[in-house]
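The chain contents come next:
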Amino acid sequence: MGTSIDLSGIYQDLHQHPELSLQETRTAGLVAGHLEDFGYEVTPGVGGTGVVAVLRNGAGPVVLLRADMDALPVKEDTGLPYASTVRATDHLGYEVPVMHACGHDVHVTCLLGAAQALASSKSAWQGTLLLVFQPAEELGQGAQAMIDDGLYQRFGVPVVVLGQHVAPLPAGMIGLRAGPSFAGSDTLHVVMHGRGAHGSRPEVSVDPVVMAAATVMRLQTVVSREVAGTDTVVLTIGALRAGTKENIIPDRADLQLTIRTFDTHVRETVMNAIDRIINGEAATAGAPKPPEIENTMSFPAVVNDLQAVAHTRAAFDEEFGADRILDPGPVTGSEDVGLLAMAADIPCVYWLLGGADPQAFAGLTDFKAMEKIVARLPSNHSPHFAPVIEPTLHTGVTALITAARAWLPVTS
Ligand code: ZN
Ligand code: ZN
């Protein structure tokens, strides 16, 4: 095995060359080239632009390590010497600025670093490494696309899915939580049909504005009246459009909803209630035809398996010291990594990797106190999001190696 790859250089290169979801061809090529150098069996083009790399090292379980590769349509405003100035055409045909504003360049770099270290330390672990470089996380499509392209039939079924997401916690620290960790997210596009008429003649209309207004108000009772006080749900109607002019009753109203949940049963309750209310309000209004409800994006909650977290956490405690691991609480953001675990019915362990300048947190050890600082720092998806290169990369590489080895022990 040759000398270690220049992780800082790779990171800055990826950061300067971000690619939108489903367009990650340069990133995939760079990743595949390095993995081949390290001795992995590399398969590009899985689920579109995804890359799968396998390293067999004797009898033992298969362990999946995952990094997502896509960037966002955000104009970078970090002022960094390696800031992105890239523009590209998005999946809707619009020209947009592109930035690694979610830090997926950190994920790719760290997994490459871990891939090399694990390939050059084969006496310290045993089994099979299955590395997944996933496209299109930001669209909630990439994990499913790789599963649909035969990820587990072609490359084997792992015993666990391991991965990390960079976040504005102090660099050098890990945020790991057992149980629900990232919210499930559903996006609904709804069309409610009425019957258009002159604004002066409501008696011959079925007014979709009133229908939509009643629906919006009734939907507020889902969280307050149908969900237990101990469960967390967000239901936001972020868009409501109907009509063009004061004296025309339109014939349709369009609503767009986002729903965030942490539990599959709660999600089912909420989705059923939404469906019932939208159909019920349309029926009550005498709609000429039933409403159309389309789920345009769906991520399940990321639920970290209790036992799998305990097993991984013990290895982290030993490697980093328990004071560098904190419980960040549930995050209302969403991630499609959970699909990789659900599709094979295996546990998921997904942690947060600190990427913020530790100086900002000087002296703080308590997470409640840190949260106030975190709230003031640029978050993921911000044009100012700028993880510090070190100790972020070193910690992320070490976390992946440590977690992988915990699941791939040497047996004699
Ligand atoms: Zn993101
Ligand atoms: Zn992300």
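What you are looking at is a predicted structure, and each value in this text was computed from that prediction instead of being measured.

Analysis parameters
Starting afresh in each chain, residues are numbered from 1 along the sequence in its written order. For naming, the first written chain is A and the first written ligand is 1, with later ones following in the order written. Where local features are concerned, this predicted model is filtered to residues with pLDDT of at least 70; where side-chain atom pairs are given and counted, the filter is 80 or more; whole-chain, interface and lining totals use all residues. Each side-chain value is worked out from all heavy atoms of the structure, with water and hydrogens disregarded. Going along the chain from the N terminus, every DSSP run of H or I of four or more residues is numbered as a helix, and every run of E of two or more is numbered as a strand. It is over C-alpha atoms that the radius of gyration is taken, and the globule rule equals 2.2 Å times the number of residues to the power 0.38. The cut-offs for exposure are 20% and 50% of the maximum accessible area for each residue type, with area from a 1.4 Å probe on protein chains only; residues under the lower value are buried, those over the upper are exposed, and the others partly exposed. Contact criterion: two residues are considered in contact whenever any of their non-hydrogen atoms come within 4.5 Å of each other. Note on areas: these come from Shrake-Rupley sampling with a 1.4 Å probe, and a residue is covered only by the protein chains present in the view. Only four residue types enter the tally: Lys and Arg on the positive side, Asp and Glu on the negative side, with His and both chain ends excluded. By convention, the charge on Lys lies at NZ, on Arg at CZ, on Asp at CG and on Glu at CD. Coordination partners: N, O, S within 2.8 Å of the metal, 3.2 Å for Na, K and Ca; water not considered, so apparent gaps in a site are possible. In this description, a disulfide is simply a cysteine sulfur pair whose atoms lie within 2.5 Å. In these descriptions, tetrahedral denotes four donors with every angle between 85 and 135 degrees, square planar four donors and octahedral six donors with opposite donors over 155 degrees apart and the rest between 65 and 115, and irregular any other case. For the purposes of these results, a polar contact is taken to be a pair of N or O atoms within 3.5 Å, where, inside protein, one atom must be able to donate a hydrogen and its partner to accept one; residues adjacent in sequence count only when each atom of the pair is a side-chain atom. Segmentation into domains, and thus their bounds, comes from an automatic or database assignment. Two parts placed together each lose some accessible area under a 1.4 Å probe, and adding up what both lose gives the buried area. When a carboxyl oxygen of Asp or Glu lies within 4 Å of a side-chain nitrogen of Lys or Arg, that pair is called a salt bridge. Residues are grouped as follows: Ala, Val, Leu, Ile, Met, Phe, Trp, Tyr, Cys and Pro are nonpolar; Asp, Glu, Lys and Arg are charged; all remaining types, including Gly, are polar. Only buried residues count toward a nonpolar core. Its members are Ala, Val, Leu, Ile, Met, Phe, Trp, Tyr and Cys residues joined through side-chain atoms within 4.5 Å. Pairing of aromatic side chains here covers Phe, Tyr and the six-membered ring of Trp, requires ring centres within 6.5 Å, and sorts the geometry by plane angle: under 30 degrees stacked, over 60 edge-to-face, intermediate tilted. For two strands to count as paired, DSSP must find a minimum of two bridges between them. Angles here are taken between N-to-C directions and fall from 0 to 180 degrees, while the axes themselves are lines fitted to C-alpha atoms, restricted in helices to the stretch in contact.

A. Seen up close, the overall build of the protein chain. The secondary structure content of the protein chain amounts to 11 helices and 18 strands. Computed over its C-alpha atoms, the radius of gyration of the protein chain comes to 24 Å, within 12% of the 22 Å expected for a compact globule of 412 residues. Principal-axis analysis of the C-alpha atoms gives the protein chain an extent of 80 × 50 × 45 Å. Among the 412 residues that make up the protein chain, the fraction classed as buried is 53%. Within the protein chain, counting contacts between residues at least 6 apart in sequence, those at least 24 apart form 82% of the total. For the protein chain, the exposed surface amounts to about 17,700 Å²; the carbon and sulfur share of it is 53%. The centroid of the 25 positive side-chain charges in the protein chain is displaced by 6 Å from the centroid of its 45 negative side-chain charges.

B. Quick look at the coordination of the zinc ion (ligand 2). Looking at the zinc ion (ligand 2), the protein donor atoms are Cys102 (SG), His104 (NE2) and His165 (NE2), and they sit 2.1 to 2.4 Å from it. Within one chain, the residues donating to the zinc ion (ligand 2) are spaced in sequence as C-x1-H-x60-H. Separating the zinc ion (ligand 2) and the zinc ion (ligand 1) is a distance of 3.1 Å, and Cys102 donates to both of them. Of this pair, Cys102 sits in the loop between β5 (95–97) and α3 (104–119) while His165 sits in strand β7 (residues 160–170), and the two are 63 residues apart along the sequence. Per residue, the accessibility class of Cys102 equals that of His165, and both read buried.

C. Structural context of the state of the cysteines. Under the definition given, this model contains zero disulfides. Cys102 provides the cysteine sulfur closest to Cys110, a residue in no disulfide bond, and the two sulfurs are 14 Å apart.

D. Quick peek at the coordination of the zinc ion (ligand 1). At 2.0 to 2.7 Å from the zinc ion (ligand 1) lie its protein donor atoms, namely Cys102 (SG), Glu138 (OE), Glu138 (OE) and His381 (NE2). Angles of 52 to 149 degrees at the metal separate the four donor atoms of the zinc ion (ligand 1), which places the site in the irregular class. Counting along the primary sequence, the residues that act as donors to the zinc ion (ligand 1) give the motif C-x35-E-x242-H. The exposure class assigned to Cys102 is buried, which follows from its relative accessible area of 7%.

E. Structural context of the side chain of His15. Following the sequence through the fold, His15 ends up in helix α1 (residues 7–16). For His15, a relative accessible area of 1% translates into the label buried. Here Glu76 takes part through its side chain, which lies 2.9 Å from a polar atom of the side chain of His15. Within the structure, His15 has its side chain in polar contact with the side chain of Asp105 (distance 2.6 Å). Beyond its immediate chain neighbours, meaning those up to four positions away, His15 contacts Glu76, Tyr82, Ala83, Ser84, His100 and Asp105.

F. Focus on the domain arrangement of the protein chain. Here the protein chain is partitioned into domain 1 (7–178 + 305–407) and domain 2 (184–298). One C-alpha centre belongs to domain 1, the other to domain 2; they are set 37 Å apart. Taken together, the contact pairs seven residues of domain 1 with five residues of domain 2. When the two sides are added together, the surface that domain 1 and domain 2 hide from each other amounts to roughly 480 Å², 62% of it contributed by carbon and sulfur. At the surface where domain 1 touches domain 2, the tally comes to zero salt bridges. Partitioning the side of domain 1 that touches domain 2 into residue classes produces three nonpolar, four polar and no charged.

G. Broad picture of the nonpolar core. Counting 60 residues, the largest nonpolar core has Leu35, Tyr40, Leu112, Leu129, Leu131, Phe133 and Trp351 as the members making the most contacts within it. Sequence-distant contacts of Tyr40, defined by excluding residues within four places in its chain, comprise Leu35, Ala53, Val54, Leu55, Ala115, Leu118, Ala119, Leu129 and Leu131. Within the second largest apolar cluster, 34 residues are counted, among which are Val46, Phe155, Ala167 and Phe182.

H. The environment of Asn304, seen in detail. For Asn304, the position within the fold is in strand β16 (residues 302–304). Sequence separation between Asn304 and Tyr350 is 46 residues; the distance between their C-alpha atoms is 6.6 Å. Setting aside anything within four residues of it in sequence, one finds Asn304 in contact with Leu176, Arg177, Ala178, Gly179, Ser181, Val309, Cys348, Val349 and Tyr350. One polar contact links Asn304 to Ser181, side chain to side chain, over a distance of 3.1 Å.

I. Quick peek at the pattern of salt bridges. Summed over the entire model, instances satisfying the criterion amount to 15 salt bridges. Arg66 is paired through a salt bridge with Glu335; the nearest N and O atoms lie 2.9 Å apart. Separated by 269 residues along the polypeptide, Arg66 in strand β3 (residues 62–68) and Glu335 in the loop between β17 (325–326) and α9 (337–344) bring together distant segments of the chain. In this structure Arg66 comes out as buried when scored by relative accessible area, which is 2%.

J. Focus on the packing of aromatic side chains. Applying the stated criterion to the full structure yields four aromatic pairs. Ring plane angle 70 degrees and centroid distance 5.8 Å describe the contact between Phe316 and Phe320, whose orientation is recorded as edge-to-face. In this pair, Phe316 and Phe320 both sit in helix α8 (residues 306–320), four residues apart, roughly one turn of the helix. Look at Phe316 and Trp351: their rings are 5.0 Å apart centre to centre, the planes differ by 85 degrees, and that puts the pair in the edge-to-face class. In this pair, Phe316 sits in helix α8 while Trp351 sits in strand β18 (residues 348–356), placing the two residues 35 residues apart along the sequence. Here the two residues Phe316 and Trp351 agree in accessibility, since each one is buried.

K. Representation of the sheet that holds strand β12 (residues 233–242) within the structure. The sheet built from four strands is open, its strands ordered β12-β14-β10-β15 with antiparallel pairing. Unpaired on one side and paired on the other, β12 and β15 (292–299) mark the two borders of the sheet. Between one strand axis and the next, the sheet turns by 15 degrees as a mean value, whatever way the strands run. Bridge count for strand β10 (residues 184–193) against strand β14 (residues 252–261) is 10 bridges, and the pairing is antiparallel. The residue of β14 that forms the bridge with Val190 is Leu255. Contacts from helix α6 (residues 208–226) reach β10, β12 and β14 within the one sheet, and its direction differs from that of β12 by about 175 degrees. Its contacts with the sheet put helix α7 (residues 264–285) on β10, β12, β14 and β15, and the angle it makes with β10 is roughly 10 degrees.

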